[in-house]
Amino acid sequence: MSAELKILKQGAEAKLYICNYLGKPTLIKERFKKNYRHPDLDTSITKERIKNEARSIVRCKTAGVKTPALYLVDFERRRIYMEHFEHSITVKDFIINLKSTTNQGDMNTLDVYADLIGGTVRKMHENNIIHGDLTTSNMLLIEKDPSNIAENTKWLNHSNIELVIIDFGLSFIDTSVEDKGVDLYVLERALISTHNDYPNLFSRIFEAYKSYSKKNIKEIISKYEDVRARGRKRTMVG
Amino acid sequence: MVTNTEPYTCNLDPDTKTRLEVYLYKDVKNVENIRQNIINGSWKCSVIKPSLIVNMFQVAVAANRAVLAEKSQTMITKTVYSELLYNLSLTKNISQSLSKFGIEKDDSILVCFLIDGNNDVSQEILKEIDGEQCPISSLNSFTNMKDVKSTYKLNNLKSEVCLLDIIVSKMVTKSFVNH
Ligand SMILES: Nc1ncnc2c1ncn2[C@@H]1O[C@H](COP(=O)(O)OP(=O)(O)O)[C@@H](O)[C@H]1O
Ligand SMILES: [Mg+2]
């Protein structure tokens, strides 16, 4: 029995482990106890967060947005057991690795992914799934059919690449237009701070978001612009 | 009759030290007798319809939750064997779950054992089954996709998504998501 857990990452809210579970490569997300909270409150907050995360992951699947499969939700051990994409790269790392090339073909690939991201975020929003933490670290690229292409070029082969959305820890289900605007604004801020060398990335994503579906789009754009104006003001005031 | 009929096996959560073993049979002649042995609790195993199973992993996920619930004394049903069936379904209605995934008049069956340490009763039970054992690799010829789709509410799905992924993800969230 391969019982040993390998720690992958220790974040602010959770520890991530990888292991083989039920015969599958598995990632375990374990939320820590917060000692500054009353234990009962801590347990109930953790339980709610776990439920939210799992609920959004399943809802995405029904909506046709690829997310990790869930193998076990364990409130006692404060864990979600999910599919581990062993052969994947975060969109963040993909973009950072692009720096070394200035090849036009590679830039077209980035545009393809920007369009994919825009359409995918729109699909989530049409199903009232608000991600809450849209960053390029929370998006993975995986191959549809595993290939033997070398690591540095395989992620450029966009016709064989799928986008996976992860980390639904701050997600929730809501029909309001406001929350969608905020979600987009969070993404814009994240892109500015992580990928300031690609200043047009957000607008490309946003265009794809808009053209994916027309439903409510005027209201969402206007909410997004309100949120953005308020955000501006806040940063100017400091 | 002994052919290439290795069972499906899967080690369940390491804290439970339990292994799942599943055997597939067709043309079973004594289904009613088997059903009685399950209902009266004399057979320590779960017997399920193969028609609603797309992949053995689906059974492993349900069995895993069953043995964990037994360990933490949070089972919804009376035995770990009925808990396995309950975990396969999306409804919280126990009798509906058991009748949906359990056997009725079906003459094809999956027999699932939960083996921890030295209480392996599988061989004693299997020799009572009057049917033809089939390789696990033939499972898909028993799967009824139409029934699977209606049971797991997959009719309006986008074709790209993997059915097994969504089935297990729905199964493990049924206690707090209305599917
Ligand atoms: N299912 C997964 N498969 C592969 N890698 C993953 C998976 N989930 C998370 N990761 C990796 O771990 C990182 C952190 O995971 P995440 O769920 O975003 O937790 P955190 O709350 O720490 O941000 C991701 O950016 C990604 O690199
Ligand atoms: Mg993250």
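Keep in mind that what you see is a predicted model, and the values were worked out from it rather than measured.

With that settled, the discussion passes to the environment of B:I136. All names here are of chain B. Summarising the element assignment, I136 is placed in the loop between strand 5 (132-134) and helix 6 (145-151). Taking the relative accessible area as the measure of exposure, I136 reaches 18% and is therefore buried. Spatially, the C-alpha atom of I136 lies 6.5 Å from that of Y8, the residues being 128 residues apart in sequence. Ignoring any residue separated from it by four or fewer positions in sequence, one finds I136 in contact with E6, P7, Y8, V22, L24 and M56.

In this section: the interface of chain A and chain B. The interface is formed by 24 residues belonging to chain A together with 29 residues belonging to chain B. Carbon and sulfur atoms make up 67% of the surface buried where chain A meets chain B, a total of about 2,200 Å² over both sides. Between chain A and chain B we count 3 salt bridges in total. Between chain A and chain B we count 7 residue pairs in polar contact (both at pLDDT 80 or more) in total. With 6 residues, the single largest contributor to the side of chain A that touches chain B is helix 1 (residues 39-62) of chain A. For the side of chain A that touches chain B, the per-class residue count stands at 14 nonpolar, 2 polar and 8 charged.

Residues and elements named next belong to chain A. Around the magnesium ion (ligand 2), the protein supplies N138 (OD1) and D167 (OD) as donor atoms, at distances of 2.1 to 2.2 Å. Here D167 lies in the loop between strand 9 (161-165) and strand 10 (172-173) and N138 lies in the loop between strand 7 (129-130) and strand 8 (139-143), a separation of 29 residues in the sequence. Take N138: its relative accessible area is 8%, and that puts it in the buried class.

This prediction gives chain B a mean pLDDT of 94; 97% of its residues lie at or above 70. For this predicted complex, the interface score ipTM comes out at 0.96, while the overall pTM is 0.95.

All right, on to the site of ligand 1 then. Residues and elements named next belong to chain A. In the region of ligand 1, 15 residues are neighbours, and E83, F85, S137, N138 and D167 sit closest. Within the backbone of S137, one N or O atom sits 2.8 Å away from an oxygen atom of ligand 1. For ligand 1, whose accessible area on its own is 550 Å², the fraction buried by protein is 84%. A per-class count over the shell around ligand 1 returns 6 nonpolar, 5 polar and 4 charged. Looking at which domains feed residues into the shell around ligand 1, each of domain 1 (2-83) and domain 2 (88-233) supplies at least three.

Residues and elements named next belong to chain A. Where burial is concerned, most of strand 3 (residues 24-31) is hidden: 6 out of the 8 residues are buried. The sheet contact formed by strand 2 (residues 14-21) and strand 3 spans 8 bridges and is antiparallel. When the sheet's bridge partners are listed, Y17 is paired in strand 3 with I28. Adjacent in sequence and paired antiparallel, strand 2 and strand 3 are bridged by 2 residues, among which L22 carries a positive phi angle near 50°.

Turning to the nonpolar core, a few remarks are in order. A:F94, A:M124, A:L141, B:L20, B:V59, B:L88 and B:Y152 are the most contacted members of the largest nonpolar core, which has 104 residues in total. Here this core takes 10 residues from helix 2 (residues 56-71) of chain B, the largest share from any one element. Non-local contacts of A:L141, meaning those with residues more than four positions away in its chain, are made with A:H87, A:S88, A:I89, A:V91, A:F94, A:Y113, A:W155, A:I161, A:E162 and A:L163. Membership of the second largest hydrophobic core comes to 16 residues, among which are B:C45, B:I103, B:I115 and B:I125.

Moving on to the sheet that holds strand 1 (residues 6-10) of chain A. All names here are of chain A. Spatially, the 5 strands line up as an open sheet ordered 1-2-3-5-4, and their pairing is antiparallel. Every other strand in the sheet has two partners, leaving strand 1 and strand 4 (70-74) as the edge strands with one partner each. Looking at each pair of strands side by side, their axes are set apart by 20° on average, direction ignored. By the bridge criterion, 4 bridges tie strand 1 to strand 2 in an arrangement that is antiparallel. Across the sheet, Q10 pairs through a bridge with K15, a residue of strand 2.

On to the packing of aromatic side chains, then. Residue and element names in this part refer to chain A. Scanning all chains against the criterion turns up 10 aromatic pairs over all chains. With a centroid separation of 5.8 Å and an interplanar angle of 35°, the aromatic rings of F202 and Y224 are classed as tilted. Here F202, found in helix 6 (residues 201-212), pairs with Y224, found in helix 7 (residues 217-237); they are 22 residues apart in sequence, far enough to count as distant. Across the pair, Y224 and F202 agree in class, each one buried.

Right, let's get into the domain arrangement of chain A. All names here are of chain A. Per the domain assignment, the segments of chain A are domain 1 (2-83) and domain 2 (88-233). A straight line from the C-alpha centre of domain 1 to that of domain 2 covers 23 Å. The partner domain 2 presents 18 residues to the 16 residues of domain 1 that form the contact. Summing the contributions of domain 1 and of domain 2, the shared interface buries around 1,300 Å²; its carbon and sulfur component is 64%.

Calculation rules
- Residues numbered from 1 in each chain as written.
- Chains lettered and ligands numbered in written order.
- Predicted model: local features only at pLDDT ≥ 70, side-chain atom pairs only at ≥ 80, totals over all residues.
- Heavy atoms only, no water.
- Helix = DSSP H or I, 4+ residues; strand = E, 2+ residues; numbered from the N terminus.
- Buried < 20%, exposed > 50% of the residue type's maximum accessible area, 1.4 Å probe, protein only.
- Contact = heavy atoms within 4.5 Å.
- Buried area = accessible area lost by both parts, 1.4 Å probe.
- Salt bridge = Lys/Arg side-chain N within 4 Å of Asp/Glu carboxyl O.
- Polar contact = N/O pair within 3.5 Å; in protein donor to acceptor, adjacent residues only side chain to side chain.
- Nonpolar A, V, L, I, M, F, W, Y, C, P; charged D, E, K, R; others polar.
- Donors = N, O, S within 2.8 Å, 3.2 Å for Na, K, Ca; no water.
- pLDDT = per-residue confidence, 0-100.
- Near = heavy atom within 4 Å.
- Areas by Shrake-Rupley, 256 points an atom, 1.4 Å probe, with all protein chains shown as cover.
- Domains from an automatic or database assignment.
- Pairing = 2+ DSSP bridges.
- Core = buried A, V, L, I, M, F, W, Y, C linked by side-chain atoms within 4.5 Å.
- Axes fitted to C-alpha atoms, helices over the stretch in contact; angles between N-to-C directions.
- Phe/Tyr/Trp six-rings, centres within 6.5 Å; stacked < 30°, edge-to-face > 60°.

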